[in-house]
Amino acid sequence: MPNIDQSNPGSFCWFELATTDQDAAKKFYTSLFGWTVNEFPMGPNETYTMFRLQEREAAAAYTMRPEQRSQGIPPHWLLYVAVENADDAARRAQELGGKIYAPAFDVFDAGRMSVLADPTGAVFAVWQAKKHKGVGITGVDGTVCWADLSTSDVETARRFYSDLFGWQIMAGEHDSSGYLHIKNGNDFIGGVPPSAYRNPQVPPHWLLYFYTADCNALSSKAKELGAQFLLDPMDVPKVGRMSIAKDPQGAVFALFQAAPR
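All of the points below concern the structure found in this document. The structure displayed is predicted, hence computed values, not measured ones.

## Considering helix α5 (residues 215–224)
Buried within α5 we find Cys215, Leu218, Ser219 and Ala222. What you see down the axis of α5 is that its buried residues fit within an arc of 105°, all on one side. Next to the buried residues of α5 lie α1 (22–33), β14 (228–236), β15 (240–246) and β16 (252–258). The residue sitting at the N-terminus of α5 and contributing the capping side-chain oxygen is aspartate 214; that oxygen lies 3.3 Å from the backbone nitrogen of asparagine 216. A positive backbone phi angle near 110° is found at glycine 226, which sits one or two residues after α5.

## Describing the environment of aspartate 214
With respect to the helices and strands, the residue aspartate 214 is situated in the loop between β13 (205–211) and α5. Remark: the alpha-carbon pair of aspartate 214 and phenylalanine 256, spanning 42 residues in sequence, is separated by 8.4 Å. Within the structure, the side chain of aspartate 214 is placed 3.0 Å from the backbone nitrogen of alanine 217, a separation counted as a polar contact.

## Description of the nonpolar core
Membership of the largest hydrophobic core comes to 73 residues, with the highest contact counts inside it found for Tyr29, Trp77, Tyr161 and Trp206. Filtering out sequence-adjacent residues up to four positions away, tryptophan 206 remains in contact with Phe12, Leu79, Ala122, Val123, Phe124, Ala147, Asp148, Leu149, Tyr161, Trp167 and Ile182. Counting residues in hydrophobic clusters, the runner-up holds ten residues, among them Cys145, Trp146, Leu207 and Ala254.

## Focus: the pairing of β13
The side chains of a regular strand alternate, first on one face of the sheet and then on the other. Among the seven residues of β13, six are classified as buried, and the element is accordingly described as predominantly covered. The pairing of strand β9 (residues 144–150) with β13 spans six bridges and is antiparallel. The partner of aspartate 148 across the bridge, within β13, is leucine 207. Judged from the three bridges that link them, β13 and β16 form a sheet pairing that is parallel. By the bridge assignment, tyrosine 209 is partnered in β16 with alanine 254.

## Things to note about the sheet that holds β13
Either a parallel or an antiparallel arrangement is found when strands of a sheet pair, and the pairing is made through backbone hydrogen bonds. Read across the sheet, eight strands follow the order β10-β11-β12-β9-β13-β16-β15-β14 without closing on themselves; strand pairing throughout is mixed. Two strands close off the open sheet at either side, each with one partner strand: β10 (168–171) and β14. Taking each pair of neighbouring strands and ignoring which way they run, the sheet shows an average axis angle of 25°. Against the sheet, α1 makes contact with β13 and β16, and its axis sits at roughly 5° relative to β16, the strand it touches most. Set on the sheet, helix α4 (residues 154–165) makes contact with β9, β10, β11 (180–184), β12 (187–192) and β13; between it and β10 the angle comes to about 140°.

## Some remarks on the side chain of serine 11
Looking at where serine 11 falls in the secondary structure, it is placed in the segment before β1 (12–19). Residue classification places serine 11 among the buried positions, given a relative accessible area of 1%. Within the local environment of serine 11, its side chain forms a polar contact with the side chain of asparagine 184, the two groups lying 3.3 Å apart.

## Concerning the state of the cysteines
A full pass over the atoms with the stated rule returns zero disulfides. Residue cysteine 145 stays outside any disulfide, its sulfur separated by 10 Å from that of cysteine 215, the closest cysteine. Taking relative accessible area as the criterion, cysteine 215 reaches 0% and is therefore assigned buried.

## Notes on the sheet that holds strand β2 (residues 36–43)
Read from one edge to the other, the open sheet built from eight strands follows the order β2-β3-β4-β1-β5-β8-β7-β6, with strand pairing classed as mixed. Each of the sheet's edge strands pairs with one partner strand only, and the pair in question is β2 and β6 (99–107). Looking at each pair of strands side by side, their axes are set apart by 25° on average, direction ignored. Where β1 meets strand β4 (residues 56–63), four bridges bridge the pair, whose relative direction is parallel.

## Observations concerning the packing of aromatic side chains
All told, the structure shown has 27 aromatic pairs when counted by the stated rule. Here the aromatic rings of tyrosine 161 and tryptophan 167 are separated by 5.3 Å at their centres, their planes lie at 15°, and the arrangement is stacked. Tryptophan 167 shares its class with tyrosine 161; the two are buried. The side chain of lysine 223 reaches across the aromatic face of phenylalanine 229, ending 5.3 Å from its centre.

## With respect to the pairing of strand β3 (residues 46–53)
Most of β3 is tucked away, with six of its eight residues classed as buried. Judged from the seven bridges that link them, β2 and β3 form a sheet pairing that is antiparallel. By the bridge assignment, glycine 43 is partnered in β3 with glutamate 46. Here β2 folds back onto β3 in antiparallel fashion, the turn holding two residues, of which asparagine 45 has a positive phi close to 60°. Where β3 hands over to β4, the hairpin turn is made up of two residues, of which glutamine 54 adopts a positive phi near 55°.

About the criteria used
Position numbers for residues count from 1 along each chain, tracking the sequence in the order it is written. For this predicted model, a pLDDT threshold of at least 70 governs which residues receive local features, and a threshold of 80 or more governs which side-chain atom pairs are given and counted, while totals over whole chains, interfaces and linings are taken from all residues. To obtain the side-chain values, all non-hydrogen atoms of the structure were included, while hydrogens and water were left out. Remark: exposure states derive from per-residue accessible area (1.4 Å probe, protein chains only) relative to the maximum for the residue type, with buried under 20%, exposed over 50%, and partly exposed in between. Only runs of H or I of at least four residues qualify as helices and only runs of E of at least two qualify as strands under DSSP, and these elements are numbered from the N terminus. Here the arc refers to the directions that run from the helix axis out to each C-beta atom. Residue contacts are counted whenever heavy atoms from the two residues lie within 4.5 Å of one another. Between N or O atoms, a polar contact is any pair within 3.5 Å; within protein, one atom must be a potential hydrogen donor and the other a potential acceptor, and residues adjacent in sequence are included only when both atoms are from side chains. Buried Ala, Val, Leu, Ile, Met, Phe, Trp, Tyr and Cys residues that are joined via side-chain atoms within 4.5 Å together make up what is termed a nonpolar core. Paired strands, as defined in this entry, are two strands with at least two bridges between them according to DSSP. Axis lines are fitted to C-alpha atoms, over the contacting stretch for helices. Their N-to-C directions set the angle, which ranges from 0 to 180 degrees. Disulfides are defined as cysteine sulfur pairs within 2.5 Å. Centres within 6.5 Å are what make two rings of Phe, Tyr or Trp a pair, Trp counting through its six-membered ring; a difference in plane orientation under 30 degrees is then read as stacked, over 60 as edge-to-face, and the rest as tilted. Only Lys NZ and Arg CZ are tested; either one counts as a charge over a ring when it is within 6 Å of the ring centre and within 35 degrees of the ring normal.

In structure tokens, the structure reads:
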């Protein structure tokens, strides 16, 4: 897998799990991906878990707050996009038809962030790095390698993200499937599947893909650890093999094995 500088503006730079049982989630993901844990106190009875791989930060987790649960927000993975200025990005997102869920705020001296939703309802965050640049490792098993946007209005979403981040969102060469690729600068970072294939009962969202050298084996291990599968391992011609799972607390993620070259 290619190593992408995830601190570049427009890159996916951080991945954060909001969960209802932080200890159980730590056991699940450390067992699944071989991550280790580094804990940071956030306040009374609150801890921010940094997941590490090869001594570098790969993702994080925290326990959902009562107000999140009362709003019916399920456990989920949140995607962060690197920006030069979080305040400007939030303001621009709103101008483009998006919604600001959390106005830009400082996260200690690590950086500044805002939680937003695109005009179709998919939630994401923007990150203006200070001391914390974001993910420190890519391209190996257990790291995020891709993200798909599931949306009911592909064209509206395409315009929004292209205007906000400067992404190129386009069909692949000789690809008639309707799947669109997201390109940030010179890097392909994600995609947008056709809305016709999505479950209309599921709200628009971003789906993270974690890289593995063996999708079948890791999917089996995830099942043993308590995951439920929404999509069993399947081949994507000329691309690779993938599966979609729900962790024991309910957060959804995907596994991806690249096709041999």
